[in-house]
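The chain contents come next:
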Amino acid sequence: RILLLGDDDLTALALSLLVRCRGSGSTIARLTVVDVDPALVAFLARALADAPFPVACVEHDVRSPLPPELVGAFDTVVTDPPYTIAAARLFLSRAADALEGRRGDVFLSYGSRRPGAGMQLQRAIVESGFLIQRLSRDFNEYVGAGVLGGTSHLYHLAATDELAPAVTGAYLEPLYTSVQPRPA
């Protein structure tokens, strides 16, 4: 039971192709894609209509808590949030909410090269009750992403007995920058 928390990289399509080539229909019990972009959700619903496993595509803004049917319903969460610590903390919190019990895995892509960001990210990971199982440096490559150095790391996280979302309820702070808007 896999949740893709955001899928602007079309990971759901890659999973479908991989299972067709190397797996069976039972390889994935259920794939759910959650994204804020209605056009992307509609595209994925059409493209995955004949996937070899059950698929649900849900339009949802993760700044709001997950819908009740998604809470505690997954074994694995895959996410590639905006590369700010605030966004990482929010997406990790929603991932913690989505996992069943105190078990499960999260695959987090994160590409910030800002000084101190790695330490802040690791702090957010631990504060959410995850343990870094494996770090695959420069796992993702991006064309035209000079700010990121063209790559992001893939963190394989395991839920621990201390799993607890750092963000509960609605999130009202900026996600894409830590700079607050100036008063008018």
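Residues numbered from 1 in each chain as written. Predicted model: local features only at pLDDT ≥ 70, side-chain atom pairs only at ≥ 80, totals over all residues. Heavy atoms only, no water.

Chemist: Describe in detail the overall build of the chain, supporting the description with residues and values.
Modeler: Secondary structure summary: the chain contains 4 helices and 7 strands in total. Taken from N to C terminus, the helices and strands of the chain fall in the order β-α-β-α-β-β-α-β-α-β-β. For the chain, with 184 residues in total, the buried portion stands at 42%. Excluding contacts between residues fewer than 6 apart, the proportion of contacts in the chain whose partners are at least 24 apart in sequence is 77%. In the structure as shown, the chain presents an accessible area of about 10,000 Å², 55% of it carried by carbon and sulfur atoms. (Helix = DSSP H or I, 4+ residues; strand = E, 2+ residues; numbered from the N terminus. Buried < 20%, exposed > 50% of the residue type's maximum accessible area, 1.4 Å probe, protein only. Contact = heavy atoms within 4.5 Å. Areas by Shrake-Rupley, 256 points an atom, 1.4 Å probe, with all protein chains shown as cover.)

Chemist: An account of the pattern of salt bridges is requested, with residue identities and associated values reported.
Modeler: All told, the structure shown has 5 salt bridges when counted by the stated rule. Residues R1 and D75 are paired through a salt bridge, measuring 2.7 Å at the closest nitrogen-oxygen approach. Of this pair, R1 sits in the segment before strand 1 (2-5) while D75 is found in the loop between strand 3 (55-59) and strand 4 (76-79), placing the two residues 74 residues apart along the sequence. Here R1 falls in the partly exposed class, since its relative accessible area comes to 27%. The partner of E127 in a salt bridge is R89, and the shortest N-O contact between them spans 3.4 Å. (Salt bridge = Lys/Arg side-chain N within 4 Å of Asp/Glu carboxyl O.)

Chemist: For the layout of surface pockets, give the residues involved together with the corresponding values.
Modeler: Of the voids in this model, the largest pocket is the one considered here, and its volume is about 930 Å³. Surrounding the largest pocket, 36 residues form its lining, G6, D7, D8, D9 and D80 being those nearest its centre. Put simply, the parts of the chain that give the lining of the largest pocket at least two residues each are strand 1, helix 1 (11-22), strand 2 (31-35), strand 4, strand 5 (105-110) and strand 6 (130-141). It is strand 4 that contributes the most residues to the lining of the largest pocket, 3 residues altogether. Residues of the lining of the largest pocket, tallied by class, amount to 20 nonpolar, 7 polar and 9 charged. (1 Å grid on protein atoms, 1.4 Å probe; cavity = no way out; pocket = protein on both sides within 12 Å on 5 of 7 lines; lining within 4 Å. Points joined across faces, edges and corners; volume = space filled by probe spheres on them. Nonpolar A, V, L, I, M, F, W, Y, C, P; charged D, E, K, R; others polar.)

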